[in-house]
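# Structure assessment
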Protein chains: 2
Amino acid sequence: MDHEERRSQIAEAVVRIAASRGLEAASMREVAAEAGVSLRLVQYYFHTKEELLRGVLAHLGRLIAQRVARAVAALGEPVTPRTFLYGALPALIPTDDESRRIVLAYQAHYTLTLTRPELAPDGLTYANALRDLVARHIREAQEAGQASGDEDPGVAAAIVLALVTGLQSSVLAGQYDGPEAVALLTAHLDRLFT
Amino acid sequence: MDHEERRSQIAEAVVRIAASRGLEAASMREVAAEAGVSLRLVQYYFHTKEELLRGVLAHLGRLIAQRVARAVAALGEPVTPRTFLYGALPALIPTDDESRRIVLAYQAHYTLTLTRPELAPDGLTYANALRDLVARHIREAQEAGQASGDEDPGVAAAIVLALVTGLQSSVLAGQYDGPEAVALLTAHLDRLFT
DNA sequence: GTTTTCATGGTACACATGTATCAAGAACGG
DNA sequence: CCGTTCTTGATACATGTGTACCATGAAAAC
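The structure contained in this document is the topic of the report that follows. Numbering of residues starts from 1 in every chain and runs along the sequence as written. The order in which chains are written sets their letters, starting at A; the order in which ligands are written sets their numbers, starting at 1. Only residues with pLDDT of at least 70 get local features here, since the model is predicted, and only at 80 or more are side-chain atom pairs given and counted; chain-wide, interface and lining totals rely on the full set of residues. Remark: hydrogens and water are excluded; side-chain values derive from all non-hydrogen atoms of the structure.

## Overview of the protein's contact with DNA strand C
By nearness alone, 17 residues border DNA strand C, and T48(A), K49(A), S38(B), Y44(B) and Y45(B) come closest of all. In this text, near means that some heavy atom of the residue lies within 4 Å of the molecule or strand in question. Restricting attention to atoms of DNA strand C within 4 Å of the protein, one finds that 50% of them are sugar or phosphate atoms. In this structure, a phosphate oxygen belonging to DNA strand C sits 3.4 Å away from a side-chain N or O atom of S27(A). Here a phosphate oxygen of DNA strand C sits 3.0 Å away from a polar atom, N or O, in the side chain of R6(B). At the level of secondary structure, the elements contributing two or more residues to the surface near DNA strand C comprise α2 (28-35) and α3 (39-45) of chain A together with α1 (3-21) and α3 (39-45) of chain B. Examining the composition of the surface near DNA strand C, we find that 5 residues originate from one element, α3(B), more than from any other. Split by residue class, the surface near DNA strand C holds 6 nonpolar, 5 polar and 6 charged. N or O atoms within 3.5 Å of each other form a polar contact, as long as, within protein, one can give a hydrogen and the other can take it, and as long as residues adjacent in sequence are counted only when both atoms are side-chain atoms. Per the convention used, a helix needs a DSSP run of H or I reaching at least four residues, while a strand needs a run of E reaching at least two, with both numbered from the N terminus. Polarity classes work like this: nonpolar for Ala, Val, Leu, Ile, Met, Phe, Trp, Tyr, Cys and Pro, charged for Asp, Glu, Lys and Arg, and polar for all others, with Gly in that last group.

Here it is as structure tokens:
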């Protein structure tokens, strides 16, 4: 059978367990049962548990990137800095069940990596790259006169991304639902693009 | 011996373990060893593990509230809405080792409650109360002409608190250090208080 | 002074965990 | 046809886990 597909299937099982019963309930045996395979098979595709968790984290990264890319693509051409930010950032907020599962599992892994850094091989690479990307779009919007220019693009990008992270947490905890959180995010963006 | 003190001592041990090796490493035996007491004693003061985790969460809440109160008190009189926000909110960002421990342990517990709501008896009570408190201060600042009045205080409060949450995560992950995160937060506040 | 409650210790038990081992069919090239 | 490599299965093992049980001073109440 195809290796990548099997690994995805198992990783998906971990995501489901982590989102419903918590990451600590994702034992090798539970994962095997949830994925509908034998324990030995989980061991075969992910030799150790550490490798499994790393694989799941990578899988979650792909899922999230895919969701964002899809949201941006749905905007149609042309993709201006403004439409990019209004399209990509809200895609990170959990709305439907699937995005909630993904973000919840991601947050569980994220928290785990805080005390087990060896599980996050790339560490802050993606976070910093994303911030720089957002900063670049903000700067372009400023140069095009769409945004007020009296703010450092790097600072504004860091703020808006931290806001997204915080809103993710709030939605997961049930403080706001998806649309409410998106409204808060766009309210912040609206002040950026005066 | 004093009951409350013993419970605090044990809860503090859990916080240290959670911050260094992760909450999943906080088994009853490890907690006992870290606290320098016997396993039986941990069982005596917290009959079950669920009760222990609830106790630690309550303890963390007290520690955080105490830190914020201290930061506000350090501002001296009079406490205006503006000084309150500039004093209380940055106190939530991890700067020294102790605040890092507290926030890290809190985040671990928070993530755990997402899939085990029975561990968070008060749920969103505090979060909503804090948001309303911040909203009230923002509204007062607006009425005093210290802040631009074209923004809903509730929305602004929700945004700034989500930002704080996101900055906490970023600092824990090492993306920003404490002073950088505080600078980002005050940059946001500065735009609120034109 | 005896009894009862509190505080602490040691230990046992049933179970879950990650990992390793042994085994057997399947696919496939020589 | 045979051997080799890839997949999959069942199971064993050592250890860690939460919890329960029994025991012992100490203090307090009557």
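The discussion continues.
## Thoughts on helix α7 (residues 125-143) of chain B
Residue and element names in this part refer to chain B. Its 19 residues place the ends of α7 27 Å apart at the C-alpha level, agreeing with the 27 Å of an ideal helix rising 1.5 Å per residue. Regarding α7, the residues found buried are V134, A135, H137, I138, A141 and Q142. The buried side chains of α7 occupy one side of the element, clustering within an arc of 165° when seen end-on. Residues of α7 that are exposed and point more than 90 degrees away from the buried face comprise Y126 and E143. Looking one or two places after α7, you find G145, whose phi comes out positive at around 80°. Expected span of a helix, by definition, is 1.5 Å for each gap between consecutive residues, and there is one gap fewer than residues. Only protein chains enter the calculation, and the probe is 1.4 Å; a residue is then buried if its accessible area is under 20% of its type maximum, exposed if over 50%, and partly exposed in between. The arc in question is traced by the directions running from the helix axis to the C-beta atoms.

## Points about the pattern of salt bridges
Residues and elements named next belong to chain A. Just to be clear on terms, a salt bridge is a Lys or Arg side-chain nitrogen sitting within 4 Å of an Asp or Glu carboxyl oxygen. Counted by the stated rule, this structure contains 14 salt bridges over all chains. For E50, the salt bridge is made with R54, and the minimal N-O distance between the two is 2.9 Å. Here E50 and its partner R54 are both found in helix α4 (residues 49-73), 4 residues apart, which amounts to about one turn of the helix. Classification of R54 by relative accessible area gives partly exposed; the value is 29%.

## Side note on the protein's contact with DNA strand D
Looking at DNA strand D, there are 17 residues lining it, with S38(A), Y44(A), Y45(A), T48(B) and K49(B) nearest. Among all atoms of DNA strand D positioned within 4 Å of the protein, those belonging to sugar or phosphate total 49%. At a separation of 3.0 Å, a phosphate oxygen of DNA strand D approaches a polar side-chain atom of R6(A). Contact distances for DNA strand D include 2.8 Å between a phosphate oxygen and a side-chain N or O atom of S38(A). Those elements that provide at least two residues to the surface near DNA strand D are α1 (3-20) and α3 of chain A together with α2 (28-35) and α3 of chain B.

## Section: the relation of the copies chain B and chain A
The copies are overlaid by a least-squares fit using only the C-alpha atoms of residues whose pLDDT is at least 70 in both copies. Of the transformation superimposing chain B on chain A, the axial component is 0.0 Å and the angular component is 180°, with the fit at an RMSD of 0.0 Å. The superposition of one copy onto the other is thereby described by a two-fold rotation axis.

## Observations concerning the interface of chain B and chain A
By a widely used convention, the size of an interface equals the accessible area lost when the partners come together. Contacts are assigned to residue pairs with any non-hydrogen atoms lying within 4.5 Å of each other. Contact with chain B, which involves 40 residues of that partner, is made by 40 residues of chain A. Note: buried area is the sum, over both parts, of the accessible area (probe 1.4 Å) each one loses when the two are combined. Where chain B abuts chain A, roughly 3,200 Å² becomes buried across the two surfaces, and 64% of that area is made up of carbon and sulfur atoms. Looking at the side of chain B facing chain A, the largest losses of area belong to L114(B), T115(B) and R191(B), adding up to 19% of the total buried there. Joining chain B to chain A, the criterion identifies 2 salt bridges. A salt bridge links R191(A) to E151(B), with the shortest nitrogen-to-oxygen separation between them at 3.2 Å. Inspection of the region where chain B meets chain A yields 7 residue pairs in polar contact (both at pLDDT 80 or more). Of all elements in the fold, only α1, α6 (97-115), α7, α8 (153-173) and α9 (178-192) of chain B reach the threshold of two or more residues within the side of chain B that touches chain A.

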